[in-house]
Number of protein chains: 2
Amino acid sequence: MMITTTMEIEKSALVLKLLGDKTRLIMMKLLEKNTCCVCEFVEIFQVSQSSISQHLRKLRDADLVKEERHGQWIYYSLLKDHEYFNLIEQILKQLPSQDYLLRELEQKGMRISC
Amino acid sequence: MMITTTMEIEKSALVLKLLGDKTRLIMMKLLEKNTCCVCEFVEIFQVSQSSISQHLRKLRDADLVKEERHGQWIYYSLLKDHEYFNLIEQILKQLPSQDYLLRELEQKGMRISC
DNA sequence: TTACTATATAATAATTTACTTATATATTCA
DNA sequence: TGAATATATAAGTAAATTATTATATAGTAA
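Taking an unreviewed UniProt entry as the reference, chain A is identified by name as Arsenical resistance operon repressor belonging to Gracilibacillus boraciitolerans JCM 21714.

Shown next as structure tokens:
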């Protein structure tokens, strides 16, 4: 019982640590209501494709997101059955929408819709 | 407007990063409903006094906690008027209570009550 | 005053993180 | 098939993080 609550809070700390990076936090907020592919994130964050891929890998390894291949694109979305999804959802809910980033993508003609 | 939401989410990421460490997260959960002093944290976490002091400094620098000196002890408590206190409160609410750590302290006769 | 306790800070070492470039793999399309 | 596009991974690096030990400061109590 005591061990359980310790483990629980330590696992929560790992989730919070993943969300405690501005790139990953904005990614998660975008994925809250959208599906995005890697090349969109590259365009949004203006960092190397490798860097984006590594952030997504961390989120994937922690089961926070899932990937789905559609042709040459791999779409990422929230994995809603995460053990701490309630926590994640509550956090995301309180952050300002970042959807303007997707509208900017659209205006540049770089939004990929499935 | 766009700049604001970017800054808001980046500041949220900094808060989450602070909470994304198991020592600080447990500290914050304890402080949610208690007041604690440095020596209690040292006993609870079994790390150097310096390490505890540095964690508390980070929380203090970010205005997540405040300190209050009573004689030779300095008591820490949550600073509830933080810009993102709602976010913090929502997160803490979803974590399992860590008060057993204080009960253990009491049993060892090491709980300092003001 | 002197000794003791509680806390903060400086300096440092080990580890982790977040990026980069280079390269590999998978898919599409001419 | 071969070129182009999308993605992942390996290797390397600079900066950040978290601990330590040593030392300074502040309060208490003999």
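Just checking my understanding: could you explain the protein's contact with DNA strand C for this structure?
What surrounds DNA strand C is a group of 25 residues, the closest being Ser48(A), His55(A), Cys39(B), Gln49(B) and Ser53(B). A share of 63% is what sugar and phosphate atoms reach among the atoms of DNA strand C within 4 Å of the protein. One nitrogen or oxygen atom from the side chain of Lys58(A) is found 3.0 Å from a phosphate oxygen belonging to DNA strand C. Contact distances for DNA strand C include 2.7 Å between a phosphate oxygen and a side-chain N or O atom of Ser53(B). In terms of residue class, the surface near DNA strand C is made up of 6 nonpolar, 12 polar and 7 charged.

Is there a simple way to think about the protein's contact with DNA strand D in this case?
By nearness alone, 26 residues border DNA strand D, and Cys39(A), Gln49(A), Tyr76(A), Ser48(B) and His55(B) come closest of all. Put simply, 61% of the atoms of DNA strand D that lie within 4 Å of the protein are in sugar or phosphate. Taking Ser53(A), its side chain carries an N or O atom lying 2.8 Å from a phosphate oxygen of DNA strand D. Arg57(A) is positioned such that a nitrogen or oxygen atom in its side chain is 3.0 Å from a phosphate oxygen of DNA strand D. At the level of secondary structure, the elements contributing two or more residues to the surface near DNA strand D comprise helix H3 (38-45), helix H4 (49-61) and strand S3 (73-78) of chain A together with helix H4 (49-61) of chain B. Classifying every residue of the surface near DNA strand D by side-chain character gives 7 nonpolar, 12 polar and 7 charged.

In this structure, what is going on with the sheet that holds strand S1 (residues 36-37) of chain B? I would like to understand it.
Each strand in a sheet pairs with its neighbour through backbone hydrogen bonds, running either in the same direction (parallel) or in the opposite one (antiparallel). Residue and element names in this part refer to chain B. Here 3 strands make up an open sheet; going across it, the order is S1-S3-S2 and the pairing antiparallel. In the strand order of this sheet, the two ends are held by S1 and strand S2 (65-70), each with one partner. Where S1 meets strand S3 (residues 73-78), 2 bridges bridge the pair, whose relative direction is antiparallel. Within the sheet, the bridge partner assigned to cysteine 37 lies in S3 and is tyrosine 75. Sheet contacts for helix H2 (residues 22-33): S1, S2 and S3; angle to S3, the most-contacted strand, approximately 85°.

Would you mind showing me how to read the relation of the copies chain A and chain B here?
Between the two chain copies there is a screw-like relation: a rotation about an axis and a shift along it. Overlaying chain A on chain B yields an RMSD of 0.0 Å, the required transformation being a rotation through 180° with an accompanying axial translation of 0.0 Å. On this basis, the relationship between the two copies can be described by a two-fold rotation axis. Of the residues that chain A buries at the interface, 100% are likewise interface residues in chain B, meaning the two copies contact each other through the same surface.

Sorry, what's going on with the sheet that holds strand S2 (residues 65-70) of chain A here?
Residues and elements named next belong to chain A. Taken in spatial order, the 3 strands line up as S1-S3-S2 in an open sheet, and their pairing is antiparallel. Taken across any chain shown, the strands that pair with only one partner, and hence form the sheet edges, are strand S1 (36-37) and S2. As paired strands, S2 and S3 are joined by 6 bridges and run antiparallel to one another. Pairing of glutamate 68 across the sheet is with tyrosine 75, part of S3. Running at roughly 85° to S3, helix H2 (residues 22-33) makes contact with S1, S2 and S3 of the sheet.

When you look at the interface of chain A and chain B in this model, what are you seeing that I'm missing?
A common way to report how large an interface is uses the accessible area buried once the components associate. At the junction of the two partners, chain A supplies 28 residues and chain B supplies 28 residues. Interface area for chain A against chain B, summed over the two sides, is near 2,300 Å², with a carbon-plus-sulfur share of 74%. Per-residue buried area on chain A facing chain B is highest for Ile9(A), Leu16(A) and Gln94(A); these three make up 24% of the total on that side. In this structure, the connection of chain A to chain B is made through 0 salt bridges. Our enumeration of links across chain A and chain B arrives at 4 residue pairs in polar contact (both at pLDDT 80 or more). Looking at the side of chain A that touches chain B, the elements with two or more residues in it are helix H1 (2-19), H2, helix H5 (85-93) and helix H6 (100-107) of chain A. For the side of chain A that touches chain B, the element with the highest residue contribution is H1(A), accounting for 11 residues. Grouping the constituent residues of the side of chain A that touches chain B by class yields 12 nonpolar, 9 polar and 7 charged.

The rules behind the values
Residues numbered from 1 in each chain as written. Chains lettered and ligands numbered in written order. Predicted model: local features only at pLDDT ≥ 70, side-chain atom pairs only at ≥ 80, totals over all residues. Heavy atoms only, no water. Near = heavy atom within 4 Å. Polar contact = N/O pair within 3.5 Å; in protein donor to acceptor, adjacent residues only side chain to side chain. Nonpolar A, V, L, I, M, F, W, Y, C, P; charged D, E, K, R; others polar. Helix = DSSP H or I, 4+ residues; strand = E, 2+ residues; numbered from the N terminus. Pairing = 2+ DSSP bridges. Contact = heavy atoms within 4.5 Å. Axes fitted to C-alpha atoms, helices over the stretch in contact; angles between N-to-C directions. Least-squares fit on C-alpha atoms with pLDDT ≥ 70 in both. Buried area = accessible area lost by both parts, 1.4 Å probe. Salt bridge = Lys/Arg side-chain N within 4 Å of Asp/Glu carboxyl O.

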